[in-house]
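# Geometric and topological summary
Chain by chain, the residues run as shown.
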Amino acid sequence: MNVMQPIDRIRGGVHEKERHESGRKHVTGTAEYIDDIPEPAGTLHGYLGLSGRAHAEILSIDFEAVKTSPGVVGVLAAGDIPGENDISPAHKHDDPVFATGKVEFHGQPIFAVIATTRDAARRAAAKARIEYRDLPHVTDVLEAAAADYPLVVDPLKLERGDIVAGFARSRHVVEGEMRIGGQDHFYLEGHISFAIPGEDDEVTVLASTQHPSETQHMVAQVLGVPSNAVTVNVRRMGGAFGGKETQANLFAAVAALAAKKFGRAVKVRPDRDDDMTATGKRHDFHVGYKIGFDDDGRIGAVDAVFAARCGFSADLSGPVTDRALFHADNCYFYPNVRLRSRPLKTNTVSNTAFRGFGGPQGMVCGERMIEDVAYTLGKDPLEIRKLNFYGGEGRNLTPYHQTVDDNIIGRIIEELEVSADYASRRQAVLAFNRESHVVKRGIALTPVKFGISFTKTEYNQAGALIHVYTDGSIQLNHGGTEMGQGLYTKVAQLVADEFQVDLDRIKVTATSTGKVPNTSATAASSGSDLNGMAAANAAQQIKARLVRFASERYGVSEADVAFEPNTIRVGADRIAFVDFIKSAYAARVQLSAAGFYKTPKIHWDRSEGRGRPFYYYAYGASCSEVSVDTLTGEYRVERTDIIHDVGRSLNPALDLGQVEGAFVQGMGWLTTEELWWDAQGRLRTHAPSTYKIPLASDRPRVFNVRLAEWSVNREETIRRSKAVGEPPFMLGISVLEAISMAAASVAGYRIPPRIDAPATPERVLMAIERLRAAKTNG
Amino acid sequence: MTTEIRNTIRFVLNDRLVELADVSPVQTLLDFLRIDRNLRGTKEGCAEGDCGACTVLVGRLFEGRVKYESVNACIRFVASLDSCHVVTVEALSRPDGPLHPVQQAMVETHASQCGFCTPGFVMSLYGLWMANPKPSIREIEKALQGNLCRCTGYAAIIRAAEAISSIGELGKDPLVAERNTITRQLALLKDGRRVEIGSEDERIVLPGSVDDLAAVLEANPKATIVAGSTDVGLWVTKFMRQIAPVVHLSHLDELRRISADGSGITVGAGVSYTEAHPVILRHFPQLRELWDRIGGEQVRNMGTVGGNIANGSPIGDTPPALIALGASVSLRKGKRRRTLPLEGYFIEYGRQDREPGEFVENIRIPFIGEEERLAVYKISKRFDEDISAICGAFRVKFEEGRVADTVIAFGGMAGTPKRAASVEAALKGAVWSEAAVEAAVSAFDQDFTPLSDWRASADYRMLVAKNLLRRFYLETQETRNTRIDRIVAVAV
């Protein structure tokens, strides 16, 4: 037995500010994205042909010019699909790979051209001659409602208490409506799939997907082969944000179809414009609401209908619109409440998952109602917020009948009020606005409470696979995908911590359906909660075997065997990890394990609108101050302060990056990111030249972000951490509210400003004009 | 005159000389790097010069000096790189060697998440570092206007940019230390010959001089003239248009000169926005904000004032200001030259006063008088790197409290950059007062019938046009809080 000097701790353990595992590769350009992987000889390229109509019958298609275009190998349309022409993730058979008979949105795929180069395929795809007969179309959610368009899924109703009585008892009742725009994901790496045919019915697909298992199943369904013939691998994505949860399936299916048909590797990568036109986005909403409250601003009743632009098919619109309702309460107790969803079909691309998954739309409306109360009563919105927080006897039940029992919003708000110096800065803003006529300021402090778990209970499971090799190196694989959020880093840190070995001993390999099967999408902020637990479980299985082996080999009790930094302590002796692993192998100890985890305690009955859909809640708050130009509606965020709760952080550096990034993305959604369809139903903001996400110069000039270091998840999550992907997105609401306050100043802060989202300079100026006119007339 | 002709494009790619005889007129640098050279650190994010994922540095020789500038490889044509040094992310560090200071800073500050935009940010920051090793926050933001990141919220990237000089020493950087060597190398490549590649619908010409350019265009009146390719690049990447024969001009030193004399400045048609920047700021400080908000840094490094005018866009950034300044444009066809006021160049949407075979040779911008006041306001959905929804330029000459003369020109309000003639008429002779301004704003309704599109509605455009006149007036009366302070306005 070797005697080792004990060291303090391993390098890169859990809770450390470890760098992103690919950081070095990112900055050197050596991190491989799918388009960077060397192509096998003879690789072909596919390009989609898209509908030029929003809603039309296809009368005829002439592919002659396409087929004779240089480099073209073939054209694929619905008739070439051996399996099912459907990739509906909701299994509603409403989401064809290629449209047949009619098209239901401008940009819907109709066919694909396969050619020797991408350029050749793209040029050829433009040459198809398609005759259409136009049908009436609607792109807007209210138009869809007026035209009696169907719902794409059954609506949800959440109800508690008695709203009729609640409104009757309210001194004030305000009705309003709000439009909330959608959002394009604008992941920097667009969609891409690369399929390599194998023998028999096999195919391997490299896809930029957050949901490899679903991509696998969809490819199998389209090819008409069992899932065991299809392997989907994902090393990393260049951003996803929900946009690659279901939307990657189309490109994977087309690439696989072509690979099998032509017996060659096939890559499919749309141009950015086509990516933005042909794939789904965040749902736009129209919300009609009614809120009753007393003279103090205490809410008595809420009734709201959330109508969503779902697009032509169901996709994930069911759970997205559900989650809008789940978050319409945000941090507030509604004594009597009724919330209903209206997932409307429209002739637009089918909307899909996007960070927050409907939650932001629900929450921004919840905050709009608070604003209406505050401006109606002439009070500081923060006062109204605090008055209505969950907490106190009988005030902890959500509209879906889950009890809020981990509420820490009070402490977060209290700390942020102090660190952001809210009260005196609000006074300074009010004073500034009295003196300044063109530039007006606004300040707002808004809270976030976000429910963590997939509301579809079965998705709350995960698997992992760990191999320990005889040189002491460890290979880790799990069902989660890396899209930049640092999941691979965090899970590797956890495994390093479990084995008490330095982080560089662990290699995380590409997510593969061949290694961990039946995984859930890396979505709903669940990545590290689920996969971290599954990986820890796998490590613990191997450790248990190693402990048993050591106990037997060295004749000590199992309690006397411990994993210490890079060593195993057996009684009073220490053995280097690698030597110990070698001896375990020699003793024929299994050094590989598949781990598994499922989230406890959760249940949900959608038909009753009752249950515990969320394992726990993550909290946060932000305070933003803005300047608004009342001549043009332009604005800038002067300062933002944030305190955000991630429980006990697995990696504070990565979590901070998630919070900063989510805030700016949320701010973009509510300010400059505008989706605009023309009268023909064409999306005209389909590239960065027309669709404006925040730039470095748009971020708050003063940006103080910190984690609530004291927070510990009261549930037994992985190392008592909390999910971080989505919750901080909604911190961006403080920017919208601050702009609203600046606008409200022109009418003495006594008229609800009601700026719809996104608050583009135009919407802000028009709101200011409206408020000025209302003040004059009122 | 016999013109010596070369039939290859020659440039230095990282540490290698590249000589190409077979170049397509539509071949972009990005595809060349990724497909032909398998240099895949440079990414395609948008293929239209707006996201910066494809940012590389291009060193160009001008009057004996090499300057490195960030450019968008996606809309840069390979043919335009003749005699240049192209530097990609692969050149910054060896696989197992130490990271470049810019890269090291990015890693240490956790400035990459998904990593796809990261090489582009690295290259933009590298370009900035070389030009300005200790930049201010505003200078960093300006250098990054053309780089989109969807993950980080930029805070960490800004921290990285601030940290670079504490990590590495600029003098030790290879592109700085070996500047003389590369300068000599590029000088050898820049042999002054005309370059001709391909024939018929694949033809590319890089004339050897401006006279040669005039001769080539006269002989090829249907040729596409390419300067910075920030517009023509999109004709290729987005509309898949055939543009041959192509005649490039931005390599011609004669067209890259900008000079001032006693009465104004003359800007050659090949002068980029970046090259014009110091001269414009010196003589027309009122244009600083406008100039800093044209595209992103990469676009300003490529795009030219001449191109901004020549393509006749109704929403070009510079024409309203230049019309207000009374700029004129000199056109040349063969040996014949003519000069016309800029406002006369724009005839109607898609039509300019330029004959086939004729090209913009330079732009003349006269100075304004001491008693005159000038302001230019660009309004866009996003403050930086956006196309203007409305751009208004106001110039007023005061005499004893009255408006002696005025020029007001707008972009985004009509099919061309256009003067507000009725508003001007309403103001002329009036006592400069709020009442005069309020009396004049309604005249905008006679001058313009703007359109509604994704950038702004007609109503917003009209209202803002009027409000900009109000702003201009206010700014002559008071200096505080008439505009959003783009620097820091609140307590930290």
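Criteria and thresholds
Residues numbered from 1 in each chain as written. Chains lettered and ligands numbered in written order. Predicted model: local features only at pLDDT ≥ 70, side-chain atom pairs only at ≥ 80, totals over all residues. Heavy atoms only, no water. UniProt positions renumbered as here; feature names shortened; annotations may be inferred. Helix = DSSP H or I, 4+ residues; strand = E, 2+ residues; numbered from the N terminus. Expected span 1.5 Å × (residues − 1). Buried < 20%, exposed > 50% of the residue type's maximum accessible area, 1.4 Å probe, protein only. Contact = heavy atoms within 4.5 Å. Buried area = accessible area lost by both parts, 1.4 Å probe. Salt bridge = Lys/Arg side-chain N within 4 Å of Asp/Glu carboxyl O. Polar contact = N/O pair within 3.5 Å; in protein donor to acceptor, adjacent residues only side chain to side chain. Nonpolar A, V, L, I, M, F, W, Y, C, P; charged D, E, K, R; others polar. Pairing = 2+ DSSP bridges. Axes fitted to C-alpha atoms, helices over the stretch in contact; angles between N-to-C directions. 1 Å grid on protein atoms, 1.4 Å probe; cavity = no way out; pocket = protein on both sides within 12 Å on 5 of 7 lines; lining within 4 Å. Points joined across faces, edges and corners; volume = space filled by probe spheres on them. Domains from an automatic or database assignment. Core = buried A, V, L, I, M, F, W, Y, C linked by side-chain atoms within 4.5 Å.

Under the annotation held in an unreviewed UniProt entry, chain B carries the name Xanthine dehydrogenase, iron-sulfur cluster and FAD-binding subunit A and is attributed to Sinorhizobium sojae CCBAU 05684.

In the nomenclature of an unreviewed UniProt entry, chain A is known as Xanthine dehydrogenase, molybdenum binding subunit of Sinorhizobium sojae CCBAU 05684. Within the UniProt record for chain A, the comment given under Sequence similarities (unreviewed entry) is "Belongs to the xanthine dehydrogenase family."

### With respect to helix α10 (residues 359-377) of chain A
Residues and elements named next belong to chain A. The end-to-end C-alpha distance of α10, which contains 19 residues, comes to 27 Å, matching closely the 27 Å that a straight helix rising 1.5 Å per residue would cover. Most of α10 is tucked away, with 18 of its 19 residues classed as buried. Downstream of α10 by one or two residues, G378 has phi in the positive range, about 70 degrees.

### A few points about the interface of chain A and chain B
With 91 residues of chain A at the interface, the matching set in chain B holds 92 residues. Among the residues of chain A in contact with chain B, V27, L188 and L695 of chain A are the three that bury the most area, contributing 10% of the side total. Taken together, the connections running from chain A to chain B amount to 15 salt bridges. The partner of E673 of chain A in a salt bridge is R150 of chain B, with the nearest N and O atoms 2.7 Å apart. Across the chain A-chain B interface, the total number found is 41 residue pairs in polar contact (both at pLDDT 80 or more). It is helix α17 (residues 652-670) of chain A that provides the largest number of residues to the side of chain A that touches chain B, a total of eight residues. Here the residues of the side of chain A that touches chain B are counted per class, giving 34 nonpolar, 23 polar and 34 charged.

### Focus on the sheet that holds strand β22 (residues 567-570) of chain A
Residue and element names in this part refer to chain A. Spatial ordering of the open sheet is given by β21-β22-β23, a layout of three strands whose pairing is antiparallel. Taken across any chain shown, the strands that pair with only one partner, and hence form the sheet edges, are β21 (561-564) and β23 (573-576). On average, each strand axis in the sheet is tilted by 25 degrees relative to the strand beside it, whichever way the strands run. Helix α15 (residues 527-554) contacts β21, β22 and β23 of the sheet and is inclined by roughly 125 degrees relative to β21.

### Considering the pattern of salt bridges
Counted under the stated rule, the structure contains 105 salt bridges over all chains. A salt bridge links D253 of chain B to K190 of chain B; its shortest N-O distance comes to 2.8 Å. You can see D253 of chain B sitting in the loop between β10 (246-248) and β11 (258-260) and its partner K190 of chain B sitting in the loop between α7 (179-189) and β7 (194-197), a full 63 residues away along the chain. Beyond isolated ion pairs, a larger network of salt bridges with shared partners links D35, D36, E39, K267 and R269 of chain A together with R34, R40, K43 and E44 of chain B.

### Concerning the layout of surface pockets
Residue and element names in this part refer to chain B. Considered as a void within the structure, the second largest pocket measures approximately 1300 Å³ in volume. As for the second largest pocket, its lining consists of 49 residues, of which K142, H277, L281, D292 and E297 are closest to the centre. Taken together, the residues that form the lining of the second largest pocket break down as 18 nonpolar, eight polar and 23 charged. Two domains each donate at least three residues to the lining of the second largest pocket, and these are domain 1 (253-366) and domain 2 (372-491).

### Comments concerning the nonpolar core
Membership of the largest hydrophobic core comes to 164 residues, with the highest contact counts inside it found for F306, I466 and F499 of chain A. Residues from two domains meet in this core; each of domain 1 (22-31 + 461-598) and domain 3 (401-459 + 601-777) of chain A gives at least three. Excluding its chain neighbours within four sequence positions, the residues that come into contact with F499 of chain A are I466, V468, I474, A539, I542, K543, F563 and F577 of chain A. Formed by 63 residues, the second largest nonpolar core is a distinct cluster that contains F241 of chain A together with C46, V87 and W129 of chain B.

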